[in-house]
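Listed below are the residues making up each chain.
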There are 2 protein chains.
Amino acid sequence: MRERGILIVVSGFSGAGKGTIMKELIRKHSEDYALSVSATTRQPREGEENGREYFFKTKEEFEKMIAKDELIEYAKYVENYYGTPKDYVEKHLAEGKDVILEIEIQGALKVKEKYPDTLLLFVTPPNAKELKERLVGRGTETMEVIESRMARAAEESEVMDKYDYLVINDELDKCVEEMHRIIRCEHRACSHNADFIEKIKKELKGE
Amino acid sequence: MRERGILIVVSGFSGAGKGTIMKELIRKHSEDYALSVSATTRQPREGEENGREYFFKTKEEFEKMIAKDELIEYAKYVENYYGTPKDYVEKHLAEGKDVILEIEIQGALKVKEKYPDTLLLFVTPPNAKELKERLVGRGTETMEVIESRMARAAEESEVMDKYDYLVINDELDKCVEEMHRIIRCEHRACSHNADFIEKIKKELKGE
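The notes below deal with the structure included here. Note that this is a predicted model, so its numbers are computed, not measured.

Cut-offs used in this document
Residues numbered from 1 in each chain as written. Chains lettered and ligands numbered in written order. Predicted model: local features only at pLDDT ≥ 70, side-chain atom pairs only at ≥ 80, totals over all residues. Heavy atoms only, no water. Core = buried A, V, L, I, M, F, W, Y, C linked by side-chain atoms within 4.5 Å. Buried < 20%, exposed > 50% of the residue type's maximum accessible area, 1.4 Å probe, protein only. Contact = heavy atoms within 4.5 Å. Buried area = accessible area lost by both parts, 1.4 Å probe. Salt bridge = Lys/Arg side-chain N within 4 Å of Asp/Glu carboxyl O. Helix = DSSP H or I, 4+ residues; strand = E, 2+ residues; numbered from the N terminus. Pairing = 2+ DSSP bridges. Axes fitted to C-alpha atoms, helices over the stretch in contact; angles between N-to-C directions. Arc of directions from axis to C-beta.

Now for the nonpolar core. Counting 109 residues, the largest nonpolar core has Leu121(A) and Leu121(B) as its most contacted members. Residues contacting Leu121(A), with those up to four places away along its chain left out, are Ile8(A), Val9(A), Val10(A), Ser11(A), Tyr163(A), Tyr165(A), Val167(A), Met179(A), Ile182(A) and Ile183(A).

In structure tokens form, the structure reads like this:
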């Protein structure tokens, strides 16, 4: 039997390249990872599929999920709920897949509090200049939006040290492999090997 | 400038192969690691050199080191002191080398308490049967000694879960590379990147 998967939360500054890294990680190592699918009450957009981009729920359904503690974490943005359904995550962890949640910092810290074995990864560019250049380089945002993203990054940087590992996004391929390596190593953490430890303890006692 | 090294403590059951793994790790990656040299008050044996196997000290010298807090940890066995001199470790960490201490469990936990950023690695065979076979296979120990080692391993297994990572010694080469990977990943831990985090925080604030 495959060992139980690890819950991984990936956060990072807007523009740090989280999305690209995770897509690449899952493409290269599809047997190892599952990307968590969030539930939301917002309307599906053109081309979005229920269960692929999101699980689309009514407000009543979502609030029932909250009441029944069926969400790992949730938040409300602009009148819409977003959250992580427990059953989806639990099913993949039990199958031995590492489940990746891409959520923002406040949510990430809440998950860690509730599930202390969660691995928190923070994606960052090598420096602030690079971050700004990437946001400008997208060419899709106004200068005002860019400045507000930079201000938000400054705020977020205050809690970076609450994360377990930094993933410095300098070069995509290197960065993807580094994230993969960090996660593989985590499988050797004593906190994820309670079964092995219990077994060898018993054997040594001759039980 | 090279980033500061990490202090690593390696412990494990007698017969688990710690010594061989560490020798091989340092042989393969000599630029990355320094093996800590202990101070002791016991007499040098044939072929041992001061500063290579041990720093040989008189009882008075050793007790002066204790009084001046010049040891990371120390213990007394059968009338002799053994300890880890701070200055040797500090010098290599500052040079960017990861310094490896091979010490037993009680000492390891004391080091972690004093230096919380220490990486604690526990070397274990895949199961208890394998451990016994290795001890028997050495052919150098009486059955009585083997039984007492197994009893000690049973005791030690009680605190295995206080370590950070398990290094399962199934196959030497694989195990050495796994230890190396775990240590490399540790360099990405937020706790070892306080300087990077401070720097990007300041940059983002436009300081």
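For the rest of this paragraph, the subject is the interface of chain B and chain A. Each partner contributes to the interface: chain B provides 36 residues, whereas chain A provides 36 residues. For the pair chain B and chain A, the summed buried surface comes to about 3200 Å²; carbon and sulfur atoms form 71% of the total. Area buried by chain B at its contact with chain A is led by Arg188(B), Cys190(B) and Leu204(B), which between them contribute 21% of it. Counting across the chain B and chain A interface gives 4 salt bridges.

Residue and element names in this part refer to chain A. Taken as a whole and judged by the stated rule, the model has 48 salt bridges over all chains. A salt bridge links lysine 114 to aspartate 69; its shortest N-O distance comes to 3.6 Å. Residue lysine 114 is located in helix 4 (residues 105-114), and its partner aspartate 69 is located in the loop between helix 2 (59-67) and strand 5 (71-77); the two are separated by 45 residues in the primary sequence. Relative accessible area serves as the criterion here: at 42%, lysine 114 is assigned to the partly exposed category. Each of Lys28, Asp173 and Glu177 takes part in a single network of salt bridges with overlapping partners.

This brings us to the sheet that holds strand 2 (residues 33-35) of chain B. Residue and element names in this part refer to chain B. Within the open sheet, the 5 strands sit side by side as 2-7-1-8-9. Their pairing is parallel. One side of each edge strand has no neighbouring strand; the edge strands of this open sheet are strand 2 and strand 9 (165-168). Shown here is a sheet whose adjacent strand axes are inclined to one another by a mean of 30 degrees, direction ignored. Where strand 1 (residues 7-12) lies against strand 7 (residues 98-102), 4 bridges are found, and the strand directions are parallel. Within strand 7, the position partnered with isoleucine 8 by the bridge is isoleucine 100.

It is worth spelling out helix 4 of chain A at this point. Residue and element names in this part refer to chain A. What helix 4 keeps buried is the set Ile105, Gly107, Ala108 and Val111. Considered in projection along helix 4, the buried side chains sweep an arc of 160 degrees and stay on one side of the axis. Exposed side of helix 4, more than 90 degrees from the buried face: Gln106 and Glu113 are the residues found there. The elements touched by buried residues of helix 4 are strand 1 (7-12), strand 5, strand 7 (98-102), strand 8 (119-124) and helix 6 (143-157).

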